[in-house]
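# Structural overview for review
Below are the chains, spelled out letter by letter.
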Amino acid sequence: MASKTDDSTLQQMLQDPAQRDEGFRRLMKQYGHMLYWHIRRIVVGHDDAQDVIQETCIKVLNHIGSFSGKGTLVTWLYRIATNEALQHLRRQTHLFQSIDSLSETLTSKLLAEATLDAGELETLFQKALLTLPTQQRITFNMRYYDELSYEEIAAITGKNVQALKTNYHYATVKVKNYIKEHSTTT
C-alpha cells in the first residue's frame, strides 16, 4: 500500500514545516477514505466515524515527526485510527460494562443507518460482525475488507500473528454460523 510518494511526502513534511499541511492533505487524499471505512467498521455509525477520523487526523498531524519508519506509513496510520476508534468505544462504555457489550447499541445504529439499497444478506452479515468480540471483529475487518496480511495487522495491533490467525478463524466460524442460523428465521 505504501509508495515512494509516501516516503517523499513524509520527508518533505519533516524537513520543511511549510510543506507539512500540503503533505498532510496529500496523505489524507490518498488514505483518508480507507481510514474512514476502517474506523466505520469498528464504531459503526457515520457520525461516530466522522468524529474519530477527525481525531485521527489531528493525531497524525501533531505526531508525524514521531513516525519512526520501522514499519510502513500505512500501518502507522492504521494503528492511530484503530487506537482512536477503540478509545471512542471506551468513552461510550460508561453506560456499558465492556466494549463488547456495545453490540446491541451498534446493531441499532447499523439498522438506523441501513438504506433501502442494502441487501438483507449484507445487513445480516453486518449484524453477525457486531456479535464478534472487539479484537476478533477488528482482525476480521482488516483481513476481509482491507486485505491486510497478518504481519501488517500485527504491526497495527501489537498482537502476534498466531493470535490474529486464531481470531480470524473463530470470527469466520462465528459469522458463518450466525448467518446460517438467522437466514432461515428471517
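Before reading on, note that the structure itself is shown above.
These numbers come from a predicted model, not from an experiment. (Residues numbered from 1 in each chain as written. Predicted model: local features only at pLDDT ≥ 70, side-chain atom pairs only at ≥ 80, totals over all residues. Heavy atoms only, no water.)

Let us now look at the overall build of the chain. In terms of helices and strands, the chain carries nine helices and zero strands. For the chain, restricting intrachain contacts to residue pairs at least 6 apart in sequence, the fraction spanning at least 24 positions comes to 62%. Carbon and sulfur atoms provide 51% of the accessible area of the chain, an area that totals close to 10,400 Å². (Helix = DSSP H or I, 4+ residues; strand = E, 2+ residues; numbered from the N terminus. Contact = heavy atoms within 4.5 Å. Areas by Shrake-Rupley, 256 points an atom, 1.4 Å probe, with all protein chains shown as cover.)

This model, assessed by the stated rule, comprises nine aromatic pairs. With a centroid separation of 6.5 Å and an interplanar angle of 65°, the aromatic rings of Phe125 and Tyr145 are classed as edge-to-face. Taken as a pair, Phe125 in helix H6 (residues 120-130) and Tyr145 in the loop between helix H7 (134-144) and helix H8 (150-157) lie far apart in primary sequence, 20 residues in all. Take Tyr145: its relative accessible area is 28%, and that puts it in the partly exposed class. Centre to centre, the rings of Tyr144 and Tyr145 are 5.0 Å apart; their planes meet at 90°, and the pair counts as edge-to-face. The class of Tyr144 is partly exposed, set by a relative accessible area of 42%. Through pairs of rings, three or more aromatic residues link up here, namely Phe125, Phe140, Tyr144, Tyr145, Tyr150 and Tyr168. For the cation-ring pair, Arg143 lies above Tyr168, with the distance from its terminal atom to the ring centre recorded as 5.8 Å. (Phe/Tyr/Trp six-rings, centres within 6.5 Å; stacked < 30°, edge-to-face > 60°. Buried < 20%, exposed > 50% of the residue type's maximum accessible area, 1.4 Å probe, protein only. Lys NZ or Arg CZ within 6 Å of the ring centre and 35° of its normal.)

Turning to the environment of Thr157, a few remarks are in order. Residue placement: Thr157 occurs in helix H8. Residues Thr157 and Thr75, spaced 82 residues apart in sequence, show a C-alpha to C-alpha distance of 9.2 Å. Once you skip the residues sitting within four places of it in the chain, Thr157 turns out to touch Arg79, Ile138, Met142 and Leu164.

Packing of H6 against H7 brings their axes to within 9 Å, and their N-to-C directions diverge by 135°. Here H6 is positioned oblique relative to H7, judged by the angle of their axes. Where H6 approaches H7, its residues Phe125, Leu129 and Leu130 are matched on the opposing element by Arg137, Phe140, Asn141 and Tyr144. Its residues assigned to classes, the contact of H6 with H7 shows five nonpolar, one polar and one charged. (Axes fitted to C-alpha atoms, helices over the stretch in contact; angles between N-to-C directions. Parallel < 35°, antiparallel > 145°, perpendicular 65-115°, else oblique. Nonpolar A, V, L, I, M, F, W, Y, C, P; charged D, E, K, R; others polar.)

Another point: the side chain of Gln136. Looking at where Gln136 falls in the secondary structure, it is placed in helix H7. Looking at Gln136, its side chain comes within polar contact range of the side chain of Lys174, at 3.2 Å. Ignoring anything within four residues of it in the chain, the contact list for Gln136 reads Asn167, Tyr170, Ala171 and Lys174. (Polar contact = N/O pair within 3.5 Å; in protein donor to acceptor, adjacent residues only side chain to side chain.)

In contact at an axis separation of 9 Å, H8 and helix H9 (residues 161-183) are set at 105° when each is read in the N-to-C sense. Taken as axis vectors, H8 and H9 run roughly perpendicular relative to one another. Note on element contacts: H9 touches H8 through Val161, Leu164, Lys165 and Tyr168, opposite Tyr150, Glu151, Ile153, Ala154 and Thr157. Along the lines of polarity and charge, the residues of the contact of H8 with H9 split into six nonpolar, one polar and two charged.

Counted according to the given criterion, the structure contains three salt bridges. Between Arg25 and Glu22 there is a salt bridge, and its shortest N-O distance comes to 3.6 Å. Here Arg25 pairs with Glu22, and both are found in helix H2 (residues 20-43), just three residues apart, close to one helical turn. Among the ionic pairs, Asp146 bridges to Arg41, the shortest N-O distance being 2.5 Å. With Asp146 in the loop between H7 and H8 and Arg41 in helix H2, the pair connects residues that are 105 residues apart, well separated along the chain. The pair Asp146 / Arg41 is uniform in exposure class, with both members buried. (Salt bridge = Lys/Arg side-chain N within 4 Å of Asp/Glu carboxyl O.)

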